[in-house]
Amino acid sequence: MTVMQHIWIVLGVLFVLLNIAAGLIWVERRMLALWQDRLGPNRAGPFGILIVLADTLKLFFKEDWIPPFADKWIFITAPAIVVGTVLLSFVIIPFAPNIVVADLNIGLLFFLAMSSLAVYSIVLGGWASNNKYALLGGMRGASQMIAYEVFMGLSLMGVVMLTGSFKLSDIVAAQKDMWFCIKQPVGLVVFFIAGIAETHRLPFDIPESESELVAGYHSEYSGMKFGMFFIGEYLGITLISAMTTTIFFGGWLGPFLPPWLWFFIKTFAFIMFFILLRASLPRPRYDQLMEYGWKLLLPLVLLNLLITGAIALWIRG
Amino acid sequence: MISHVRTIWLTFLHLFTKKVTIEYPEEKVKLHPRWRGRIVLTKDPDGGERCVGCYLCAAACPVDCIALQATEDENGRRYPEFFRINFSRCIFCGFCEEACPTYAIQLIPDFEMGEYNRQNLVFEKEDLLINSEGKYPGYNFYKVAGINAGVKGKGEGEQEEAPVDIHSLLP
Amino acid sequence: MPVLFYISSAIAIIATIMVITRYEPIHALLYLVVSFMAVSMIFLSVGAPFVAVLEVILYAGAIIVLFIFVVMMLNLGSVTAVQEKQWLKPKVWVGPSVLTLLLLVELIILLFRGSNTDMSMPPVEVKRVSLTLYREYIIAVELAGFLLMAGVVGAAHIGKHTKKHLHRFLQEEKPTIADLPDNRSEIPIEKDKKELAEPVV
Ligand code: SF4
Ligand code: SF4
């Protein structure tokens with residue numbers, strides 16, 4: 001691949017991702033509305049799609065307020081961290097056989113590393129706001145994300161065992177005959193649940209639960225800084241959906257259609273599922289979430305790991 | 001766990017149900033006849049003002065948004081000299097309508113009265129007075145009232161006996 | 001890639017110096033994160049991606065977050081910053097720094113003189129690390145496992161509290177004066193009085 005091609009891929013991925021993240025504003029509102037028997041935004045532009053523009057403009061024109069009691073520099077950096085880490089995670093995702101920014105040997109670990117760094121945005125945002133609700137949100141976010149990172153990593157190890165590689169293109173190639181969602185159903189479920197907790201999406205949006213903590217860790221944020229958290233959340237959804245597709249649903253593999261289209265269709269289905277979850281499930285209590293993680297998911301995923309390892313060894317010899 | 005999956009599935013099915021949204025400007029909301037909306041002053045069948053300027057509505061109003069000044073014409077018929085309702089304070093409780101003895105003040109099913117300027121929400125009598133009998137057609141207060149205010153003579157009203165000649169009562 | 005190595009080493013050193021000179025604990029911890037990431041970059045530049053990523057996942061991603069978590073809970077404000085300023089007097093840090101500088105000078109001399117020893121080592125594969133761990137050092141791994149398990153059990157024991165929120169009427173009754181036999185009913189009260197009357201030493 002020449003340097004020029006590389007730059008084009010980077011720019012293309014960035015462009016598509018940011019557009020998807022913005023477009024999800026509209027998709028989410030429309031779909032949520034439909035699932036709640038409403039119509040949703042349908043005024044601005046065809047099917048109301050220009051609400052994306054209106055919303056972004058609104059965010060740009062809002063007063064960008066930094067509270068005088070906040071820790072200024074950390075307050076400013078926190079929203080950038082979430083977008084930065086999530087965008088960096090996309091580096092390793094193979095969208096199609098040749099469309100990948102960097103097919104690292106340690107791709108999966110890189111993804112885990114980036115998602116573990118994303119915690120900082122919540123923790124620091126919550127701390128720097130110097131506000132009790134933000135602080136509570138930040139602390140919840142920290143413990144939730146650290147805990148669920150463990151299960152996320154462990155749930156992927158079954159796939160790694162079967163493939164024998166951390167490289168995502170190898171993982172996709174290994175699913176030629178059978179997708180890993182059939183071989184690793186437990187891994188899939190745990191990964192997806194951990195993914196929801198990791199992106200702190202509903203129903204696990206405990207760090208920002210607006211009914212008890214105002215808006216949690218971003219209570220004090222306004223304007224485009226809040227917008228960054230917003231975009232970061234949508235990018236996170238896209239990332240987890242793309243990862244689920246790549247790891248468990250055969251990535252770009254599929255008959256007839258071009259590979260990239262397959263990838264987008266599958267990813268989009270998972271994004272829809274994220275939104276459906278938001279529309280249907282209530283938020284658990286904080287201790288319930290933790291108990292659920294440590295007492296149910298952890299034993300489950302360890303058992304899965306043990307059985308997968310045993311079977312893999314047995315088959316190999 | 002099963003119940004969660006069931007919830008998700010049932011929510012998904014709502015994609016195909018009929019939506020409850022009323023797309024307002026194109027599609028009007030169906031308001032009921034007794035819906036409490038914009039306040040009007042009505043006229044009686046003869047075209048005269050119903051309001052007699054009794055101040056009962058102003059007294060009943062919990063937010064004190066009605067102001068009026070009663071006066072009389074040459075026949076002795078009372079009417080408000082000015083009648084002012086500040087709709088930016090009105091809470092559409094309907095107490096004024098209940099208090100009114102002449103069915104003059106009425107709340108009608110209409111809510112499209114948004115304004116950009118708050119001052120425009122202060123409605124004067126000429127804005128309030130409509131050329132209609134509102135919800136109580138055919139009712140004419142002065143036809144049943146005992147007083148002669150140029151509508152009918154004393155004792156000529158509906159179900160009204162002629163005034164007793166007090167001289168005939170003398171023993 | 002020596003350039004990358006030197007850049008990330010420089011960042012690591014600068015960040016570490018910043019860690020020890022910051023007054024605000026959180027700022028210090030953030031520089032520590034930067035330092036860890038720089039170290040991970042060093043690993044990456046010398047061809048050990050696995051260790052590099054583990055460094056980020058474990059140290060930067062989990063342990064420092066826990067540190068920050070604790071600092072957040074402690075609510076260290078500007079008061080601690082002032083206190084830190086008072087503590088960080090030259091009297092305190094000059095001695096250790098001079099000694100460390102001497103060590104650094106020694107290191108540099110050694111580096112320039114002893115060029116005969118080969119510093120570059122072949123990158124170690126993950127497989128070899130694991131095989132060594134689980135063959136030769138299996139006892140050490142198991143012992144470490146025991147230690148961690150003990151830690152987990154201890155944490156669970158400390159964190160666990162048997163909640164007993166009985167209503168006050170349902171709680172075990174303490175003997176009241178009325179329950180005591182008649183002839184002793186006065187005694188505890190007198191004793192109480194005596195104790196009160198005695199001066200507290
Ligand atoms: S509806 Fe209620 S608030 Fe409005 S003018 Fe009548 S009495 Fe006053
Ligand atoms: S509107 Fe009715 S209650 Fe109000 S002053 Fe006129 S007659 Fe009286």
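Residues numbered from 1 in each chain as written. Chains lettered and ligands numbered in written order. Predicted model: local features only at pLDDT ≥ 70, side-chain atom pairs only at ≥ 80, totals over all residues. Heavy atoms only, no water.

## Quick notes on the interface of chain B and chain A
With 17 residues of chain B in contact, the opposing surface of chain A contributes 15 residues. When residues of chain B are sorted by the area they lose upon contact with chain A, Ile8, Thr11 and Lys19 of chain B head the list and together hold 37% of the total. Its salt-bridge partner being Arg43 of chain A, residue Glu23 of chain B comes within 3.5 Å of it at the nearest N-O pair. Tallied by class, the residues present in the side of chain B that touches chain A amount to seven nonpolar, six polar and four charged. (Contact = heavy atoms within 4.5 Å. Buried area = accessible area lost by both parts, 1.4 Å probe. Salt bridge = Lys/Arg side-chain N within 4 Å of Asp/Glu carboxyl O. Nonpolar A, V, L, I, M, F, W, Y, C, P; charged D, E, K, R; others polar.)

## Considerations on unusual backbone geometry
If you check the backbone angles, Asp37 of chain A has positive phi at about 65 degrees while not being a glycine. Here Asp37 of chain A shows up in the loop between helix H1 (3–35) and helix H2 (51–61). Relative accessible area serves as the criterion here: at 16%, Asp37 of chain A is assigned to the buried category. Positive phi, close to 60 degrees, is recorded for Tyr103 of chain B, a residue that is not glycine. As for its placement among the helices and strands, Tyr103 of chain B is situated in the loop between helix H3 (95–99) and strand S4 (105–107). Residue Tyr103 of chain B is classed as partly exposed on the basis of its relative accessible area, which comes to 33%. (Helix = DSSP H or I, 4+ residues; strand = E, 2+ residues; numbered from the N terminus. Buried < 20%, exposed > 50% of the residue type's maximum accessible area, 1.4 Å probe, protein only.)

## As for the environment of Glu133 of chain B
Residues and elements named next belong to chain B. Residue position: Glu133 is located in the loop between helix H4 (125–128) and helix H5 (141–144). Along the sequence, Glu133 and Glu49 sit 84 residues apart, while their C-alpha atoms lie 9.8 Å from each other. Non-local contacts of Glu133, meaning those with residues more than four positions away in its chain, are made with Thr42, Lys43, Asp44, Pro45, Arg50, Gln106 and Gly138. Polar side-chain contacts of Glu133 include one of 2.5 Å to the backbone nitrogen of Gly138. (Polar contact = N/O pair within 3.5 Å; in protein donor to acceptor, adjacent residues only side chain to side chain.)

## A short note on the packing of helix H4 (residues 107–117) of chain A against helix H6 (residues 132–163) of chain A
All names here are of chain A. Packing of H4 against H6 brings their axes to within 11 Å, and their N-to-C directions diverge by 175 degrees. In terms of orientation, H4 and H6 fall into the roughly antiparallel class. Along its contact with H4, which presents Leu108, Phe111, Leu112, Ser115 and Ser116, the element H6 presents Glu149, Met152, Gly153, Leu156, Met157 and Val160. (Axes fitted to C-alpha atoms, helices over the stretch in contact; angles between N-to-C directions. Parallel < 35°, antiparallel > 145°, perpendicular 65-115°, else oblique.)

## A closer look at the nonpolar core
Of all hydrophobic cores here, the largest spans 117 residues; its most connected members are Phe90, Leu108, Phe111, Tyr148, Met243 and Phe248 of chain A together with Ile68 of chain C. Excluding anything up to four places from it in sequence, Phe90 of chain A contacts Leu17, Phe95, Leu235, Thr238, Leu239 and Ala242 of chain A. (Core = buried A, V, L, I, M, F, W, Y, C linked by side-chain atoms within 4.5 Å.)

## Considering the site of ligand 2
In the vicinity of ligand 2 there are 14 residues, among which Cys51, Val52, Cys54, Cys57 and Cys100 of chain B approach most closely. By residue class, the composition of the shell around ligand 2 is twelve nonpolar, two polar and no charged. (Near = heavy atom within 4 Å.)

## Brief notes about the pattern of salt bridges
In total, this model carries 20 salt bridges over all chains according to the counting rule given. Here Glu233 of chain A makes a salt bridge to Arg201 of chain A, at a shortest N to O gap of 3.1 Å. Residue Glu233 of chain A is found in helix H11 (residues 223–248), and its partner Arg201 of chain A is found in the loop between helix H9 (185–198) and helix H10 (210–213); the two are separated by 32 residues along the sequence. The burial state of Glu233 of chain A is the same as that of Arg201 of chain A; both residues are buried. The partner of Arg84 of chain B in a salt bridge is Glu124 of chain B, and the shortest N-O contact between them spans 2.7 Å. Of this pair, Arg84 of chain B sits in strand S3 (residues 78–86) while Glu124 of chain B is found in the loop between strand S5 (122–123) and H4, placing the two residues 40 residues apart along the sequence. Taken together, the shared-partner salt bridges connect Glu28, Arg201, Glu233 and Arg278 of chain A into one network.

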